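# Residue-level structure breakdown
One letter stands for each residue in the lines below.
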Amino acid sequence: MTAFFADYGLFLLKTVTIVAAVILIIGFAAAAGRKASKDESIEIENLNERFRNLASAVKQAVLNKTDYKADVKARKEKAKAAEKSDSKRPRTFVIDFKGDLKASAVPSLREEVSAILAVATEQDDIYVRLDNSGGVVHEHGLAASQLARIRERNITLTVAVDKVAASGGYLMACVANKIVAAPFAILGSIGVLAQLPNFNRLLDNHGVDFEQVTAGEYKRNVTMFGKNTDEDRARLKEQLEEVHELFKAAVSRYRPELDLAKVATGEYWYGTRALELGLADELATSDEQLAAMVAERDLYRVSYKVKQPLQKRLMGGVDAAFEKLDTTRWRREFESRLPR
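A quick note: this is a predicted structure, and the numbers were derived from the prediction, not measured. (Residues numbered from 1 in each chain as written. Predicted model: local features only at pLDDT ≥ 70, side-chain atom pairs only at ≥ 80, totals over all residues. Heavy atoms only, no water.)

This part covers the overall build of the protein chain. Counting secondary structure elements, the protein chain contains 12 helices and nine strands. Considering only contacts in the protein chain between residues 6 or more positions apart, those separated by 24 or more positions represent 75%. Of the roughly 22000 Å² of accessible surface on the protein chain, a fraction of 57% belongs to carbon and sulfur atoms. (Helix = DSSP H or I, 4+ residues; strand = E, 2+ residues; numbered from the N terminus. Contact = heavy atoms within 4.5 Å. Areas by Shrake-Rupley, 256 points an atom, 1.4 Å probe, with all protein chains shown as cover.)

Summarising the model, the protein chain shows a mean pLDDT of 83, and 77% of its residues fall at 70 or more. The weakest mean pLDDT in the protein chain belongs to helix H1 (residues 2–38) at 54; the strongest belongs to strand S5 (residues 178–181) at 98. (pLDDT = per-residue confidence, 0-100.)

A word on helix H2 (residues 47–62). Given a rise of 1.5 Å per residue, 16 residues ought to cover 22 Å, and the 23 Å separating the end C-alpha atoms of H2 matches this to within 8%. Of the residues making up H2, those classed as buried are Leu47, Asn48 and Ser56. Near the N-terminus of H2, the side chain that reaches the backbone nitrogen of Asn48, with its oxygen 2.9 Å away, is that of Asn46. (Expected span 1.5 Å × (residues − 1). Buried < 20%, exposed > 50% of the residue type's maximum accessible area, 1.4 Å probe, protein only. Polar contact = N/O pair within 3.5 Å; in protein donor to acceptor, adjacent residues only side chain to side chain.)

It is worth spelling out the pairing of strand S2 (residues 91–98) at this point. Taken across its eight residues, S2 has six buried, putting it largely inside the fold. Looking at chain direction, S2 and strand S9 (residues 298–306) are connected through four bridges and run parallel. Residue pairing across strands places Arg91 opposite Asp298, the latter belonging to S9. Once you follow S2 into helix H4 (residues 106–117) and on to strand S3 (residues 125–132), the crossover reads as right-handed. (Pairing = 2+ DSSP bridges. Right-handed = clockwise from strand over helix to strand, strands pointing away.)

It is worth spelling out the pattern of salt bridges at this point. Inspection of every chain in the model, using the stated rule, returns 16 salt bridges. A salt bridge links Arg50 to Glu45, with the shortest nitrogen-to-oxygen separation between them at 3.9 Å. Note on Arg50: relative accessible area 43%, which makes it partly exposed. A relative accessible area of 28% places Glu45 in the partly exposed class. Between Asp124 and Arg91 there is a salt bridge; the shortest N-O distance is 2.8 Å. Of the two residues, Asp124 sits in the loop between H4 and S3 while Arg91 sits in strand S2, which places them 33 residues apart along the sequence. Classification of Asp124 by relative accessible area gives buried; the value is 4%. (Salt bridge = Lys/Arg side-chain N within 4 Å of Asp/Glu carboxyl O.)

We now examine the packing of aromatic side chains. This structure, assessed with the given rule, holds four aromatic pairs. Centre to centre, the rings of Phe184 and Tyr270 are 6.3 Å apart; their planes meet at 70 degrees, and the pair counts as edge-to-face. With Phe184 in the loop between S5 and strand S6 (186–188) and Tyr270 in strand S7 (residues 268–270), this residue pair connects regions lying 86 residues apart in the sequence. The structure contains a cluster of three or more aromatic residues connected by ring pairs, namely Phe199, Phe210 and Phe225. (Phe/Tyr/Trp six-rings, centres within 6.5 Å; stacked < 30°, edge-to-face > 60°.)

What follows covers the environment of Gln195. Inspection of the secondary structure assignment puts Gln195 in the loop between S6 and helix H7 (200–205). With a relative accessible area of 63%, Gln195 lands in the exposed category. Placed 27 residues apart in sequence, Gln195 and Val222 show a C-alpha to C-alpha distance of 9.9 Å.

So, on to the pairing of S5. Direction of pairing for strand S4 (residues 156–166) relative to S5: parallel, over a ladder of four bridges. Pairing of Val159 across the sheet is with Ile179, part of S5. Crossover connection from S4 via helix H6 (residues 168–173) to parallel S5: handedness right-handed. Relative to strand S8 (residues 282–283), S5 runs parallel, the two sharing two bridges. Across the sheet, residue Ala181 finds its bridge partner in S8, namely Leu283.

Counting 49 residues, the largest nonpolar core has Phe97, Ile126, Val128, Tyr170 and Leu279 as its most contacted members. No fewer than three residues from each of domain 1 (40–191 + 265–307) and domain 2 (193–254) sit in this core. Val94, Tyr127, Leu290 and Met293 belong to the second largest nonpolar core, which has eight residues in total. (Core = buried A, V, L, I, M, F, W, Y, C linked by side-chain atoms within 4.5 Å. Domains from an automatic or database assignment.)

Moving on, we come to the packing of H4 against helix H5 (residues 137–152). Axis separation between H4 and H5 bottoms out at 10 Å; the angle between their running directions is 5 degrees. Taken together, the axes of H4 and H5 are roughly parallel relative to one another. Mapping the contact onto sequence places Val106, Leu109, Arg110, Val113, Ser114 and Leu117 in H4 and Glu139, Leu142, Ala143, Gln146, Leu147, Arg149 and Ile150 in H5. (Axes fitted to C-alpha atoms, helices over the stretch in contact; angles between N-to-C directions. Parallel < 35°, antiparallel > 145°, perpendicular 65-115°, else oblique.)

The next point concerns unusual backbone geometry. Leaving glycine aside, a negative phi is the common case for residues, and trans is the common case for peptide bonds. The phi dihedral of Ala103 is positive, around 45 degrees, even though this residue is not glycine. Residue placement: Ala103 occurs in the loop between S2 and H4. In this structure, Ser167 takes a positive phi of about 55 degrees despite not being glycine. Tracing the backbone shows Ser167 in the loop between S4 and H6.

Given below as structure tokens:
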């Protein structure tokens, strides 16, 4: 009898422990859900103030005390005069977009655009600092659609490319009223690519059969594990050509003066050559342009911050590894074109 109660007590303890664990898991999940909303926020940075603070720090270091005090006094008087003035300075809203293969910054971009459009007028403009070498078609298409919302509101959109806007990145850039490129920025790559390894012979050599069942004639064409046929490859090629036509149509809509036969070959060009071809409108870096705007406009950097859950952060590490490989490919291609 004693053994029975001992076993029963142990069973009851295990049951209570399991139930408590389930309750804790549910509680943590609910708390995480509540916390998620707190981990999302819109941040506004006054870039005019930032530039003033940077200049002030340098002046304090290089000027003598008398000259520095005089400069501080002059700036305060200028600021007071601006506050009393009835004239309203135009505003420029600045967005940073750092692209990757899956355009994972799109959720933030859509919130940033929505927030700005809620207050912007046709007298304001939006300045996007874009760094994007392309990736998945539909994700970058959605990113371009977010920028198209700005154009549809008749608000001037400028895209600045300091490093790269290629493939899906250029699909985004071409939406702008003006594309500004640094002299050695990379633009273009108006083309579509699909590549994947095929392990069929490896599996076959090890006696492994690959079975694939589909419903629909074209549900799947080329595959990583099955044997691909010429018909499969032809079908994939047809699909890629269709996407390429959509890509060219989007570019032509916003930049009708482009000679697509010349620039929609999948090639890319540096800023100076991109300007000659009409892929860009001006040569400059975003730093010099924004610094020049401070005197006449109020600049606000808008960013929407989202704290990613653990799973997405882990997957982000995987994406970063692929991104690094892709960057290495770009670098090797660039270096192969340099004179030796």
